[in-house]
Amino acid sequence: MADKEPKILSFLCNWCSYGAADLAGVSRMEYPSNIRVIRIPCTGRMSPKFILAALRQGADAVWVSG
Amino acid sequence: MKSYTDKIKEIAKRLLKEDKVDMVIGYRKGTVPLMHQPFFATSEGEVDSFVWDSNCGLNLANYITDRKERIGIVATGCNSRNIAVHVVEGKIQRDQLYIIGIPCQGMVDRHKLAAMAEGNIASVEEDEDKGTITISGQGFSKSVDKAEVLQENCSICVHRNPVLCDELVADEVTEQTREQADPYARVREIEAMSPDDKWAHFDDLLSDCIRCYACRNACPLCYCPQCFVDESNPQWVGKSVDPTDIRTFHLLRAYHCAGRCTDCGACVRSCPVGINVRDFTKKLEKDCLELYGWEAGLNTEQRPPLDTYKPEDPEDFIK
Amino acid sequence: MKNLLEHMGVEPERLHFSWISSAESTKFVDVATKVTESVKSLESKEKKFVKTKPKVA
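Everything numeric in this text was worked out from a predicted model, so none of it was measured.

So, how was this worked out
- Residues numbered from 1 in each chain as written.
- Chains lettered and ligands numbered in written order.
- Predicted model: local features only at pLDDT ≥ 70, side-chain atom pairs only at ≥ 80, totals over all residues.
- Heavy atoms only, no water.
- Helix = DSSP H or I, 4+ residues; strand = E, 2+ residues; numbered from the N terminus.
- Buried < 20%, exposed > 50% of the residue type's maximum accessible area, 1.4 Å probe, protein only.
- Rg over C-alpha atoms; globule rule 2.2 N^0.38 Å.
- Contact = heavy atoms within 4.5 Å.
- Areas by Shrake-Rupley, 256 points an atom, 1.4 Å probe, with all protein chains shown as cover.
- Lys, Arg positive; Asp, Glu negative; His and termini not counted.
- Charge placed at Lys NZ, Arg CZ, Asp CG, Glu CD.
- Salt bridge = Lys/Arg side-chain N within 4 Å of Asp/Glu carboxyl O.
- Axes fitted to C-alpha atoms, helices over the stretch in contact; angles between N-to-C directions.
- Left-handed = near helix turned anticlockwise from the far one by under 90°.
- Nonpolar A, V, L, I, M, F, W, Y, C, P; charged D, E, K, R; others polar.
- Domains from an automatic or database assignment.
- Buried area = accessible area lost by both parts, 1.4 Å probe.
- Polar contact = N/O pair within 3.5 Å; in protein donor to acceptor, adjacent residues only side chain to side chain.
- Parallel < 35°, antiparallel > 145°, perpendicular 65-115°, else oblique.
- Arc of directions from axis to C-beta.
- Pairing = 2+ DSSP bridges.
- Phe/Tyr/Trp six-rings, centres within 6.5 Å; stacked < 30°, edge-to-face > 60°.

Undergrad: Sorry if this is basic, but what is going on with the overall build of chain C here?
TA: What chain C contains, in helices and strands, is 2 helices and 1 strand. What you see in chain C, going N to C, is helices and strands ordered as α-β-α. Split into buried and exposed, the 57 residues of chain C put 47% on the buried side.

So, in C-alpha cells, the structure goes:
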C-alpha cells in the first residue's frame with residue numbers, strides 16, 4: 001500500500017464544484033492528482049449507494065462536493 | 001392480558017358489526033410458541049381468534065401499506081408510531097384507519113428464552129399478577145421474571161402508549177423517562193470503540209447472517225416496490241453471503257430507515273440467527289434525535305428531517 | 001451517512017463533504033489538497049468495505 005498513491009473518488013456538482021475545478025484548471029492551478037472526478041448534475045443526485053459502491057470497488061476515500 | 005384480549009375482541013366485534021371497518025388486523029396464536037401471527041378478521045365470527053400477550057412482537061403497520069380498505073388495527077406505542085410514519089409517507093390515509101390502542105407492557109425476547117430452555121420450547125405461560133413467564137418442553141419447565149426476558153428495545157422504550165389511536169383497551173401505562181431508560185447506552189458503548197474495534201464488532205455481529213431478508217420483510221418501513229438488493233442493473237450489492245455484501249446490505253437498509261425507524265424490534269425478533277440488527281438502526285435514531293431533535297412517528301403532520309431543509313440544520317460536517 | 005460509516009468502523013478520513021461555489025477555484029484547490037493529505041495519513045491502514053473476489057472460484 002505504502003508505495004501506491006491513494007485514489008479519491010470525488011463527486012462534484014456540475015454547477016458548483018465542477019465549475020470550480022474547471023476554473024482551477026483554466027487558471028493553471030495545481031492540485032493533487034489523486035482526485036478522480038465524477039460530474040453529477042446536482043449534489044441532490046448523490047445517493048449513499050454511490051458512496052458504498054465507490055468504497056466497495058476499491059476507492060480509498062470519497063469526496064462529495066456541492 | 002386476558003382483559004386486553006377480551007377488550008380487543010369486543011371492540012373488533014363492534015366495529016365489524018356496525019360496518020365501520022372492512023377488516024380488523026390483530027394477532028392470533030401462532031403454530032409455534034412465542035410467535036403470534038398477524039390475523040385479518042373480516043367477519044364477527046373470526047374475531048374470537050384474536051389474542052394479546054407478550055408474544056405479539058410483529059409490527060402490524062407492515063400490513064397496511066397501500067391498502068384501500070377501511071381497517072381496524074391493533075397498535076402498541078411503536079406500532080402506532082409506524083402507522084403515523086405510514087400516514088406521513090402517504091402509504092395509508094388516516095381516515096381509513098380505526099386504531100385500537102394498546103398500552104404496551106413490553107414483549108418477551110424469544111432469543112433470550114430459547115437460550116434459557118433445555119430443549120425445544122413447547123408451551124409458554126404468562127402469569128400476569130406475578131409478572132413471570134414459564135416456558136416448558138419435554139423434560140423441563142422454567143419460570144423467569146418477565147422483566148428479565150424483555151426485548152431490549154422494550155426495556156428501554158419511552159413510548160409505550162399509542163401516540164395515535166381512536167380507542168384504548170385499558171388505561172395508559174406509566175412511561176419511563178429517558179433518564180430511567182437510558183436508551184442509548186449500547187450505542188455509546190460502540191461509539192467509544194476505535195475504528196478497528198468497531199469494524200471487528202460488526203464483523204462478529206454479522207458473521208451469522210444468511211441474507212434471508214427476514215429483517216427487511218418484517219420491517220414496516222421496507223415497502224419499496226423493488227429493494228436495492230434486488231436491483232441488478234446497476235447491481236449495488238452482491239447476492240452472496242460475502243462479508244462485504246452482508247455489511248453493505250445492513251448499512252444501506254439501516255440508512256433507508258434513518259429518521260423513520262421507531263425501534264419496534266421487529267427486525268431483531270424475526271432474525272432466525274439472532275443478530276441484533278438494532279446496533280445499526282439505533283445509532284441513526286440517536287443521531288436524528290441529537291442532530292434534528294426528531295423522533296419518528298410522533299405525529300402525522302411533520303415531515304421527516306432528511307426530507308426537509310431548515311436553516312438551522314447542522315452542517316459542521318461540510319467543509 | 002458519515003456517522004453510520006464511522007459507527008461501523010470506517011475511518012472518518014475516508015468520506016468528505018464540502019461546499020464550493022463555481023468561482024472559488026482557490027478553495028477547490030485548497031480542499032482537494034487537504035482531502036488528499038488526510039487520506040494519505042491513513043495509507044498504512046487496510047482498506048475497508050472493498051469487495052474482494054471470492055477465494056473459491
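Undergrad: What should I look at first to understand the overall build of chain B in this one?
TA: When helices and strands are counted, chain B shows 11 helices and 8 strands. Here the C-alpha atoms of chain B give a radius of gyration of 20 Å, agreeing with the 20 Å that 2.2 N^0.38 yields for 319 residues. Principal axes of the C-alpha set define a box for chain B whose edges measure 60 × 50 × 45 Å. Sequence-distant contacts in chain B: of pairs separated by 6 or more residues, those separated by 24 or more amount to 67%. Taken as a whole, chain B presents about 14500 Å² of accessible surface, with 49% of it coming from carbon and sulfur. For chain B, the separation between the mean place of its 39 positive charges and that of its 53 negative charges on side chains is 3 Å.

Undergrad: What should I look at first to understand the pattern of salt bridges in this one?
TA: Two side chains of opposite charge can pair, provided their charged atoms sit close to one another. Residues and elements named next belong to chain B. What the rule picks out here adds up to 31 salt bridges over all chains. The closest approach of N and O atoms between Glu-191 and Lys-283, which form a salt bridge, is 2.7 Å. Of the two residues, Glu-191 is situated in helix α6 (residues 185-191) and Lys-283 in helix α11 (residues 278-292); the sequence distance between them amounts to 92 residues. The salt bridge involving Asp-287 is made with Lys-283; its shortest N-O contact spans 3.4 Å. Highlighted residues: Asp-287 and Lys-283, both in helix α11, separated by 4 residues, approximately one helical turn. A relative accessible area of 8% means that Asp-287 is categorised as buried. One network of salt bridges, in which partners are shared, links Glu-152, Asp-263, Arg-278, Lys-282 and Glu-285.

Undergrad: Looking at this structure, I do not really get the packing of helix α9 (residues 243-256) of chain B against α11(B). What am I missing?
TA: Two numbers describe a pair of packed helices, the interaxial angle and the distance between the axes. Residues and elements named next belong to chain B. Look at α9 against α11: their axes get within 9 Å of each other, and the N-to-C directions meet at 35 degrees. In this structure, α9 meets α11 at a crossing whose hand is right-handed. Facing His-250, Leu-251, Arg-253, Ala-254 and Tyr-255 of α9, the residues of α11 in contact are Phe-280, Thr-281 and Leu-284. Tallied by class, the residues present in the contact of α9 with α11 amount to 5 nonpolar, 2 polar and 1 charged.

Undergrad: Teacher, can you tell me more about the domain arrangement of chain B here?
TA: The parts lose accessible area when they come together, and the size of an interface is often stated as this lost area. Residues and elements named next belong to chain B. In terms of domain boundaries, chain B breaks down into domain 1 (2-109 + 150-307) and domain 2 (110-149). Facing the 19 residues of domain 1 at the interface are 15 residues of domain 2. For the pair domain 1 and domain 2, the summed buried surface comes to about 1400 Å²; carbon and sulfur atoms form 51% of the total. It is Leu-34, Asp-109 and Leu-150 that lose the most area in domain 1 upon contact with domain 2, and together they represent 44% of the buried surface on that side. Scanning the region where domain 1 abuts domain 2 turns up 0 salt bridges. Put simply, domain 1 and domain 2 have 15 residue pairs in polar contact (both at pLDDT 80 or more) between them. Counting residues per element, the side of domain 1 that touches domain 2 draws most heavily on helix α10 (residues 266-270), at 3 residues. When grouped by side-chain class, the residues that make up the side of domain 1 that touches domain 2 number 9 nonpolar, 6 polar and 4 charged.

Undergrad: I would appreciate a short explanation of the packing of helix α1 (residues 17-26) of chain A against helix α2 (residues 25-40) of chain C in the present structure.
TA: The interhelical angle for the contact between α1(A) and α2(C), taken along N-to-C directions, is 95 degrees, at an axis separation of 8 Å. Considering the angle they form, α1(A) stands roughly perpendicular to α2(C). In this structure, α1(A) contributes Ser17(A), Ala20(A), Ala21(A), Leu23(A) and Ala24(A) to the contact, and α2(C) contributes Ser25(C), Phe28(C) and Val29(C).

Undergrad: Is there a simple way to think about α1(A) in this case?
TA: Residues spaced three or four apart along an α-helix point in a common direction, a consequence of the helix completing one turn every 3.6 residues. Regarding α1(A), the residues found buried are Ser17(A), Ala20(A), Ala21(A) and Ala24(A). The buried residues of α1(A) occupy an angular sector of 100 degrees when the element is viewed end-on, so they sit on one face. Summarising the contacts, the buried residues of α1(A) are in contact with β1 (8-13) and β3 (61-65) of chain A together with α2 of chain C. Downstream of α1(A) by a residue or two, Arg28(A) has a phi angle that is positive, lying close to 60 degrees.

Undergrad: Any chance you could explain the sheet that holds strand β5 (residues 123-127) of chain B here in plain terms?
TA: The strands making up a sheet associate through backbone hydrogen bonding, with each pair oriented either parallel or antiparallel. Residues and elements named next belong to chain B. Strand order in the open sheet made by the 3 strands is β5-β6-β7, with antiparallel pairing throughout. In this open sheet, the two strands that pair with only one neighbour each are β5 and β7 (140-145). Adjacent strand axes in the sheet meet at a mean angle of 20 degrees, parallel and antiparallel pairs treated alike. Here β5 pairs with strand β6 (residues 132-137) via 5 bridges, running antiparallel. Across the sheet, the residue bridging to Ser-123 is Ser-136, located in β6.

Undergrad: I tried to follow the packing of aromatic side chains on my own but got confused; where do I start?
TA: To describe a pair of aromatic rings, one takes the distance between the centres and the angle between the planes. One pass over the structure, following the stated rule, counts 10 aromatic pairs over all chains. A ring pair is formed by Phe39(B) and Phe50(B), whose centres lie 5.7 Å apart and whose planes are at 70 degrees; its orientation type is edge-to-face. With Phe39(B) in strand β2 (residues 37-41) and Phe50(B) in the loop between β2 and β3 (71-75), the pair connects residues that are 11 residues apart, well separated along the chain. Feature note: the residues Phe11(A), Phe50(A) and Trp236(B) constitute an aromatic cluster, connected by ring pairs.

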